[in-house]
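A closer look at the structure
As a plain string of letters, each chain reads:
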Amino acid sequence: MTTDQLRTALRELNGQRTLVVAFAHVQPAGTHNNAVLDIHNAMLIPDEPDHLVKVTDGKSVFMIDAERVAWIKIGIT
């Protein structure tokens, strides 16, 4: 997946949806599955000069490497 494709897919995020991202080629550490990222109340941050895909839940900012995304799920909170 390219950065532009991921950004297009995430345009639905409006702060009232849950985003689940699964990453390919990432090994889980210990008993926690670090290959899946779950973000409640997710909102896509508009494109910035660094062109990184960034999502926020209002408390933290998550930078997502589009090339490692296996799949995403957008749900209603």
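Residues numbered from 1 in each chain as written. Predicted model: local features only at pLDDT ≥ 70, side-chain atom pairs only at ≥ 80, totals over all residues. Heavy atoms only, no water.

Considering unusual backbone geometry
For Asn 41, which is not a glycine, the phi torsion comes out positive at approximately 55°. In this structure, His 51 takes a positive phi of about 60° despite not being glycine. In this structure, His 51 sits in the loop between strand S2 (36–44) and strand S3 (53–56). (Helix = DSSP H or I, 4+ residues; strand = E, 2+ residues; numbered from the N terminus.)

Observations regarding the side chain of Thr 56
Here Thr 56 lies in strand S3. Side-chain polar atoms of Thr 56 contact the backbone oxygen of Ser 60, separated by 2.8 Å. Discounting chain neighbours no more than four positions away, the residues touching Thr 56 are Asn 41, Ala 42, Met 43, Ile 45 and Val 61. (Polar contact = N/O pair within 3.5 Å; in protein donor to acceptor, adjacent residues only side chain to side chain. Contact = heavy atoms within 4.5 Å.)

Brief notes about the confidence of the model for the protein chain
Any region with low pLDDT has predicted coordinates that should not be read closely. Model confidence for the protein chain is summarised by a mean pLDDT of 89, while 88% of its residues fall at 70 or above. The least confident element of the protein chain is strand S5 (residues 69–76), whose mean pLDDT is 93; the most confident is S3, at 97. (pLDDT = per-residue confidence, 0-100.)

Some points on a nonpolar patch on the surface
On the surface, a cluster of nonpolar side chains totalling about 290 Å² of accessible area is made up of Leu 52, Val 61 and Met 63. Inspection of the secondary structure puts Leu 52 in the loop between S2 and S3. Given the relative accessible area of 39%, Leu 52 is considered partly exposed. (Patch = residues over 30% accessible without salt bridge, like charges linked within 9 Å, V, L, I, M, F, W, Y side chains within 5 Å. Areas by Shrake-Rupley, 256 points an atom, 1.4 Å probe, with all protein chains shown as cover. Salt bridge = Lys/Arg side-chain N within 4 Å of Asp/Glu carboxyl O. Buried < 20%, exposed > 50% of the residue type's maximum accessible area, 1.4 Å probe, protein only.)

Some thoughts on the nonpolar core
Core analysis: the largest hydrophobic core is formed by 14 residues, its most contacted members being Leu 6, Leu 10, Leu 19, Val 55 and Ile 64. Broken down by secondary-structure element, the contributors of at least two residues to this core are strand S1 (14–23), S2 and S3. With residues near it in sequence (within four places) discarded, Val 55 still touches Leu 10, Leu 13, Leu 19, Ile 39, Ala 42, Met 43, Leu 44, Ile 45, Ser 60, Val 61, Phe 62 and Ile 64. (Core = buried A, V, L, I, M, F, W, Y, C linked by side-chain atoms within 4.5 Å.)

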